[in-house]
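# Structure at a glance
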Amino acid sequence: DVKVTQSSRYLVKRTGEKVFLECVQDMDHENMFWYRQDPGLGLRLIYFSYDVKMKEKGDIPEGYSVSREKKERFSLILESASTNQTSMYLCASSLDRDGYTFGSGTRLTVV
Amino acid sequence: AQSVTQPDIHITVSEGASLELRCNYSYGATPYLFWYVQSPGQGLQLLLKYFSGDTLVQGIKGFEAEFKRSQSSFNLRKPSVHWSDAAEYFCVTGGGNKLTFGTGTQLKVEL
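Below or above, wherever it landed, is the structure these notes cover. Per chain, the residues get numbers from 1 upward, laid out in the order the sequence is written. Numbering of ligands from 1 and lettering of chains from A proceed in the order in which they are written. Residues qualify for local features only when their pLDDT is at least 70, as the model is predicted, and side-chain atom pairs are given and counted only at 80 or more; totals for whole chains, interfaces and linings, by contrast, use all residues. Side-chain metrics in this entry use all non-hydrogen atoms of the structure; hydrogen atoms and water are not considered.

Here the focus is the overall build of chain A. We count a stretch as a helix when DSSP gives it H or I for four or more residues in a row; a strand needs E for two or more, and each element gets its number in order from the N terminus. Of regular secondary structure, chain A possesses 0 helices and 12 strands. The secondary structure elements of chain A, listed N-terminal to C-terminal, are β-β-β-β-β-β-β-β-β-β-β-β. Computed over C-alpha atoms, the radius of gyration of chain A comes to 13 Å, within 12% of the 13 Å expected from 2.2 N^0.38 for 111 residues, which places it in the range of a compact globule. Viewed in the frame of its principal axes, chain A has a C-alpha envelope of about 35 × 25 × 25 Å. Carbon and sulfur atoms make up 48% of the accessible area of chain A, which totals about 5400 Å². This count recognises Lys and Arg as positive and Asp and Glu as negative, with His and chain-terminal groups excluded. Every charge is mapped to an atom, namely NZ of Lys, CZ of Arg, CG of Asp or CD of Glu. Between the mean site of the 16 positive side-chain charges and the mean site of the 16 negative ones, chain A shows a separation of 6 Å. The globule rule is 2.2 Å times the number of residues to the power 0.38, and the radius of gyration it is compared with is taken over C-alpha atoms. Computed with a 1.4 Å probe, the accessible areas rest on the Shrake-Rupley method; for each residue, only the protein chains presented here act as cover.

This brings us to the nonpolar core. We define a nonpolar core as any set of buried Ala, Val, Leu, Ile, Met, Phe, Trp, Tyr and Cys residues linked to one another through side-chain atoms lying within 4.5 Å. Relative accessibility thresholds used throughout: buried, under 20% of the residue-type maximum; exposed, over 50%; partly exposed, between the two (1.4 Å probe, protein chains only). In terms of nonpolar packing, the biggest core is built from 25 residues, with Leu19(B), Trp35(B), Leu47(B), Leu48(B), Phe74(B), Leu76(B) and Tyr89(B) touching the most fellow members. Going through the elements one at a time, strand E2 (10-14), strand E3 (19-21), strand E5 (32-38), strand E6 (44-50), strand E8 (64-68), strand E9 (73-78), strand E10 (87-95) and strand E12 (105-110) of chain B are the ones with two or more residues in this core. By definition, residues are in contact when any of their heavy atoms lie within 4.5 Å. When neighbours within four sequence positions are excluded, Leu76(B) is seen to be in contact with Leu19(B), Glu20(B), Leu21(B), Trp35(B), Leu47(B), Leu48(B), Phe63(B), Glu64(B), Ala65(B) and Tyr89(B). Phe74(A), Leu78(A), Cys91(A) and Leu108(A) belong to the second-largest nonpolar core, a separate cluster that totals 20 residues.

Turning to the state of the cysteines, a few remarks are in order. Residues and elements named next belong to chain B. Here, two cysteine sulfur atoms that lie within 2.5 Å of each other are counted as a disulfide. This model, assessed by the stated rule, comprises 2 disulfides over all chains. Covalent S-S linkage joins Cys-23 and Cys-91, the inter-sulfur distance amounting to 1.9 Å. Given an S-S torsion of about -60°, the disulfide between Cys-23 and Cys-91 has left-handed geometry. On the criterion of sequence distance, the pair formed by Cys-23 in the loop between E3 and strand E4 (24-26) and Cys-91 in strand E10 is long-range, its members being 68 residues apart.

Here you go:
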């Protein structure tokens, strides 16, 4: 089975800190995605990548950036964390739209 | 842009009763549609998907969904709900390898 691993299950960071959320997949998938999940809003796409060193903005990219230096790793970066970025962050990878695999999520709290 | 709407935020059913979760899509051509489930503390799991062909789609855990073009709907059904079905359900549409999520329906099962 494809495994998508997110490095932290829970994180607490201070306002203004630079935050890195790491995601690694083990099935050589081309596509990787970062979503945030908030109650009543579902999952919203932040950034995605179809290939190494390639990135595309999703629906809510403001305040975030990403890095994909290797095919298996896709990092989400909060340059200066703010309290409105407190959320559950989900990483996913896929070969195509048919086969998404999600990580377990990172619950980030910014205080 | 493709989108899906889930009009019900919360639904409560008794164990053993039938279930229908509503989903309406917005897209001119035949959309790619999915239902995902997220159980408490669990990752997202694909229940079923519709791309084309037979409009009644069978999924895992006894779920099915019917694509109705005339109503722009893709409702999820289960004839008899089990307590373990309590979870959040997302209707999802896909385009260009990206998934767009609905806002989710939280299902509560009364024993």
